Amino acid sequence: MFETLSDRLNDTFGKLGRKGRLTEADVDAAMRDVRRALLEADVNFKVVKLFVAAVKERALGQDVLGSLTPAQTAIAIVNEELIRILGEEQVPLNTPSRPPQIIMMVGLQGSGKTTHTGKLALHLRKQGRNPLMVAADVYRPAAVNQLQALGRQIDMPVYQEGTDQSPVKIAENAIRFAQERGHNPIIIDTAGRLQIDERLMQELVDIRNAVSPSEILLVADAMTGQEAVGVAEAFNDTLDVTGLILTKMDGDARGGAALSIRTVTGVPIKFIGTGEKLDAMEPFYPDRLSGRILGMGDVLSLVERAQEQTTEEDAERLQDRMMKGQFDLEDFLDQLQKIKQMGPLSQLMDMIPGVGKQLRDAKAEVSDDDYKRVEAIIHSMTPWERRHPERINNPRRRRIARGAGRERQEVNQMLSQFKEMQKMMGQFGQMAKKGKMPKNLPFDLG
Amino acid sequence: MILRRMFKRQSEPDAQMEQGLAKTRRGVFREITRLFDRSELDDELFEDLEMLLIQADVGWDVSQQLVAELQERIRQDSITNPSDAREVLRLEMIKLLELATRNRTVKILQRGVPFVILVAGVNGTGKTTSIAKLAHYHQNFGRTVLLAAGDTFRAAAIDQLKIWGERTNVPVIAHEQGADPGAVVFDAVTAARQRSVDVLIIDTAGRLQTKHNLMSELQKLRRIIEKQIPNAPQEVVLVIDATTGQNGLVQANEFTKVIDVTDIMISKLDGTAKGGIAFSVAKEIGTPIAYIGTGERATDMAEFNPETYVDSLFFGEGEGF
């Protein structure tokens, strides 16, 4: 839906022509693109201003290195600057000077506090800890039940006193309970609230003063727009937040909110939520987020999706068959189906960096209907035909076309394309045997 | 067959929308009004305006277009007075939002056939609360309502809907957590027909539009409803959080593509978010925006009205209008 920064920069520099050094005019033109990309990624406009000024200063007079294009040079500078701001190192949870470790989860409604209370508890237990979750959201209907249900799912104790007790009392009693039973850390799930709701913000202060947590985590939705800054500032000013969990990163939001929050509050991003399952929480890696904010594609997510669909043995067996030139239509069909399960083709292409504009614009031609067409043709073949595509003669082709409801030409075309593909795979196989094929094909930025 | 017009205006929808939006309005957005308090229309004004629009999540493209259009009109009509320019902008913004209301179809409640509303959206936008609001809304018209707990995935989502059911005095059809949502929907539609319920509102689990299989599941739910009642669901509501940035546009696009959304509800407008995403949605997608959510109570909902929306969120009431 939004053009990527690399496409834009390529366009811009294409107009300017190739030069050995970034001139002021180059940089100004590039910065317009950067600004737009950041705004489309929901980075707060004030933060964009600061960021662009900083990048511009670095970029001026910068040599265009070696084989890089000016666009790539500009992107590299932007990328480095983003990573620098997002924090180069992973910041772990604070360890209190004396136990227990008390963690408070705060944030707006619907940001994912309760789910991430469960995820964090699971994460900590995997490190050999014995956590207790505390249900201090007495306002949202069934919030207590939700935490209890999560507790049952992962077999984790939940402290709760229903919804008639004050959250401050619940938190205090929970600490006592945890100390009696030897639970540590203690994770307190609080109700979602608007940062302008003074009464409820005061309640958070009261909880904090009552239990002195070593960690107050702000849970923020990766899809948040410009207000992310206002929200984070208000929570931070009131509570001194110690870390951020950026949730719903498994979607396609660019997550510019993280950059805004980090810049404005200085609060480190500690975790990202990457799915609805309770193990879907990861430590935060700045480089992955920077690529995403810039819309440079997300190879890692693509790899992850691919991994979800296939086992290592499957992959090895397939590679083996490809190398030996034994890849037949059965394998092809199997691959098609796996790709289909990964999502719509257009979406997958968006994740590949360097898939240039033309290819993306042409996606109308590579639609998901093509899968269906090819699938229908293969489905109309007998198993023998699928294993011996080279032996499909004309009468067979006619029958297949009729069965698939397609023209004979389409069957011919598909078969000759497949033959080409087999040939290419065979060549790769030969090259690999001679050790000519590089192990990791580098991905091109531009 | 007796046909009843479904969406006649509530007694004072604007007053309610106004009230809900009061908090939002208090923010920086009087600044747009203030922007035009200066004596002349200079470049700085247009730059500031663009920034204010972007700050409201209106988005880069639409902000640019609004400013360009304003400049064009100022040139054409030789406008020199800033307050006239302000009025031009205000009308442009209203016109833009009207793109999202003109496609709204008049829905008809047919006696003896349940009016089915399917509610969907990404996680955490406030679907369940919005359902309570929709239930209350229809009850106000004297209609009988039934709820279906189609979110069988999120822990305690069923309990949450049941609590709302009790509060609004509406029965809820529910299975166990982890059950097939398709089965819940099937049972709910059957029950709605047997009990001659006027309105059936179906909750669904939150899902990100990138989750291919979950989006297919929504399509399946749709088909299950259609099979039992032709032309149903008569209303498919997408709930978008007003705090959402540019991803809201992607949400509107994908959900509309997959399940043919008929009405968008913009929730959580009681916060400080300006809900500027409504402008890009109106411009780029055109899916009708029908409702706004303005708080946590079942009564905190109003029909979407472009003029009130623009005035409350961007211009502030009673300041020169």
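Residues numbered from 1 in each chain as written. Chains lettered and ligands numbered in written order. Predicted model: local features only at pLDDT ≥ 70, side-chain atom pairs only at ≥ 80, totals over all residues.

Quick look at the overall build of chain B
So, point 1. Helix and strand counts for chain B come out as 12 helices and 10 strands.
So, point 2. Across the 321 residues in chain B, those meeting the buried criterion constitute 52%. (Helix = DSSP H or I, 4+ residues; strand = E, 2+ residues; numbered from the N terminus. Buried ≥ 20, exposed ≤ 12 C-beta atoms within 10 Å, placed from the backbone.)

Considerations on the overall build of chain A
So, point 1. Broken down by element type, chain A carries 20 helices and eight strands.
So, point 2. Scored against the burial criterion, the 446 residues of chain A give a buried share of 41%.

A closer look at helix H3 (residues 43–55) of chain B
Residue and element names in this part refer to chain B.
So, point 1. Under the 1.5 Å per step criterion, the end-to-end length of H3 is 18 Å for 13 residues, consistent within 8% with the ideal 18 Å.
So, point 2. Residues of H3 that are buried include every one of Leu-49, Leu-52, Leu-53, Ile-54 and Gln-55, and no others.
So, point 3. Positioned one or two residues after H3, Asp-57 has a phi angle of 65°, which is positive. (Expected span 1.5 Å × (residues − 1).)

Some details on the pairing of strand S3 (residues 115–120) of chain B
Residue and element names in this part refer to chain B.
So, point 1. In terms of burial, S3 is a largely internal element, six of the six residues being buried.
So, point 2. Burial of the side chains of S3 extends over both faces: Phe-115, Ile-117 and Val-119 are buried on one face and Val-116, Leu-118 and Ala-120 on the other.
So, point 3. Across four bridges, the pairing between S3 and strand S6 (residues 199–204) is parallel. From the neighbouring strand, Phe-115 faces S6, where its bridge partner is Val-199.
So, point 4. For S3 and strand S7 (residues 235–241), the ladder comprises four bridges, and the chain directions are parallel. (Pairing = 2+ DSSP bridges.)

Considering the sheet that holds strand S2 (residues 132–136) of chain A
Residues and elements named next belong to chain A.
So, point 1. One open sheet accounts for eight strands, arranged S3-S2-S4-S1-S5-S6-S7-S8; its pairing is mixed. Only two strands of the sheet have a single neighbouring strand rather than two, namely strand S3 (158–159) and strand S8 (281–283).
So, point 2. The sheet contacts of helix H5 (residues 113–126) involve strand S1 (102–106), S2, strand S4 (186–190), strand S5 (215–221), strand S6 (243–247), strand S7 (269–273) and S8, and relative to S4 the element is tilted by about 170°.
So, point 3. On the sheet, helix H9 (residues 228–239) packs against S1 and S5 and is oriented at approximately 165° with respect to S5. (Contact = placed C-beta atoms within 7 Å. Axes fitted to C-alpha atoms, helices over the stretch in contact; angles between N-to-C directions.)

Overview of the confidence of the model for chain A
So, point 1. A residue-level look at chain A finds 82% of positions with pLDDT of 70 or above and a mean pLDDT of 83.
So, point 2. When the criterion is pLDDT under 50, residues 435–446 of chain A qualifies, and its contacts beyond four places in sequence or with other chains add up to 19 contacts. (pLDDT = per-residue confidence, 0-100.)

Considering the packing of H5(A) against helix H6 (residues 143–154) of chain A
Residue and element names in this part refer to chain A.
So, point 1. For the pair H5 and H6, interaxial distance at closest approach is 10 Å and the crossing angle is 30°. On the basis of their axis angle, the class for H5 and H6 is roughly parallel. Classified by chirality, the crossing of H6 by H5 is right-handed. For the pair H5 and H6, the contacting residues are Thr-114, Thr-117, Gly-118 and Leu-122 in the first and Ala-143, Gln-146, Leu-147, Leu-150 and Ile-154 in the second. (Parallel < 35°, antiparallel > 145°, perpendicular 65-115°, else oblique. Left-handed = near helix turned anticlockwise from the far one by under 90°.)

Digging into the confidence of the model for chain B
So, point 1. Counting all residues, the mean pLDDT for chain B is 88, and 89% of those residues have values of 70 or more.
So, point 2. A low-confidence stretch, residues 1–13 of chain B (pLDDT under 50), is modelled with 17 contacts involving residues beyond four sequence positions or located in other chains.

Here we look at the interface of chain A and chain B
So, point 1. Tallying the contact residues gives 35 residues for chain A and 37 residues for chain B.
So, point 2. Elements with a contribution of two residues or more to the side of chain A that touches chain B: helix H2 (24–40) and H6 of chain A.
So, point 3. Among the elements that take part in the side of chain A that touches chain B, H6(A) stands out by supplying five residues, more than any other.

Some remarks on unusual backbone geometry
So, point 1. Following A:Asn184, the chain continues to A:Pro185 via a peptide bond in cis, the omega torsion being 0°.
So, point 2. Positionally, A:Pro185 belongs in the loop between helix H7 (167–181) and S4.
So, point 3. Phi is positive for A:Ser212, which is not a glycine, with a value near 40°.
So, point 4. When you line up the elements, A:Ser212 lands in the loop between helix H8 (198–211) and S5.
So, point 5. Given 9 C-beta atoms within 10 Å, A:Ser212 falls into the exposed group.
So, point 6. One non-glycine residue, B:Asn169, lies in the positive phi region at around 60°.
So, point 7. With respect to the helices and strands, the residue B:Asn169 is situated in the loop between helix H7 (157–168) and strand S5 (172–173).
So, point 8. The exposed category is assigned to B:Asn169, around which 10 C-beta atoms lie within 10 Å.

Points about the sheet that holds S6(B)
Residue and element names in this part refer to chain B.
So, point 1. The sheet built from eight strands is open, its strands ordered S5-S4-S6-S3-S7-S8-S9-S10 with mixed pairing. What marks the edges here is a single partner per strand, and that holds for S5 and strand S10 (301–303).
So, point 2. Helix H9 (residues 212–228) contacts S3, strand S4 (145–150) and S6 of the sheet and is inclined by roughly 175° relative to S3.
So, point 3. Together, S3, S7 and strand S8 (263–267) form the strand contacts of helix H10 (residues 247–259), whose direction differs from that of S7 by roughly 165°.

Here's the deal with the nonpolar core
So, point 1. Counting residues in each nonpolar core, the largest one holds 183 residues, and the members touching the most others are A:Val134, B:Leu147, B:Leu200 and B:Ile201.
So, point 2. Shared between two domains, this core takes at least three residues from each, and those domains are domain 1 (5–86) and domain 2 (102–294) of chain A.
So, point 3. Not counting the four nearest positions on each side in its chain, B:Ile201 is found in contact with B:Ile117, B:Val119, B:Ile131, B:Leu134, B:Ala135, B:Val145 and B:Leu147. (Core = buried A, V, L, I, M, F, W, Y, C linked by C-beta atoms within 7 Å. Domains from an automatic or database assignment.)

Regarding the pairing of S7(B)
All names here are of chain B.
So, point 1. With seven of its seven residues buried, S7 lies for the most part within the structure.
So, point 2. Taken together, the five bridges between S7 and S8 define a ladder with parallel strand orientation. Bridge pairing in S8 links Asp-241 to Ser-267.
So, point 3. With H10 bridging S7 and its parallel neighbour S8, the resulting β-α-β unit is right-handed. (Right-handed = clockwise from strand over helix to strand, strands pointing away.)

Overview of helix H8 (residues 181–194) of chain B
Residue and element names in this part refer to chain B.
So, point 1. Taking 1.5 Å per residue, 14 residues should reach 20 Å; H8 reaches 20 Å between its end C-alpha atoms and fits that length.
So, point 2. Taken as a whole, H8 has its buried residues at Pro-181, Val-184, Val-185, Ala-188, Val-189 and Ala-192. Seen end-on, H8 carries its buried residues on one side only, within an arc spanning 130°. Of the residues in H8, the exposed ones pointing more than 90 degrees away from the buried face are Thr-190 and Gln-194.
So, point 3. Contacts from the buried residues of H8 go to S3, S4, S5, S6 and H9.
So, point 4. Immediately downstream of H8, the backbone of Ser-196 shows phi near 50°, a positive value. (Arc of directions from axis to C-beta.)

Brief notes about the environment of B:Gly293
Residue and element names in this part refer to chain B.
So, point 1. Within the secondary structure, Gly-293 is located in strand S9 (residues 289–293).
So, point 2. Residue classification places Gly-293 among the buried positions, given that 25 C-beta atoms sit within 10 Å.
So, point 3. C-alpha separation for the pair Gly-293 and Leu-269, spaced 24 residues apart in sequence, amounts to 6.1 Å.
So, point 4. With residues near it in sequence (within four places) discarded, Gly-293 still touches Gly-126, Ser-130, Lys-133, Met-265, Ile-266, Ser-267, Lys-268, Leu-269, Asp-300 and Met-301.

Thoughts on the domain arrangement of chain A
Residues and elements named next belong to chain A.
So, point 1. The domain architecture assigned to chain A consists of domain 1 (5–86), domain 2 (102–294) and domain 3 (301–433).
So, point 2. Domain 1 puts 17 residues into the contact, and the matching count from domain 2 is 21 residues.
So, point 3. Taken together, the elements giving at least two residues each to the side of domain 1 that touches domain 2 come down to H2, helix H3 (45–59) and helix H4 (70–86).
So, point 4. Sorting elements by how many residues they give to the side of domain 1 that touches domain 2 places H4 first, with seven residues.
So, point 5. Across the side of domain 1 that touches domain 2, the residue classes tally to 14 nonpolar, two polar and one charged. (Nonpolar A, V, L, I, M, F, W, Y, C, P; charged D, E, K, R; others polar.)

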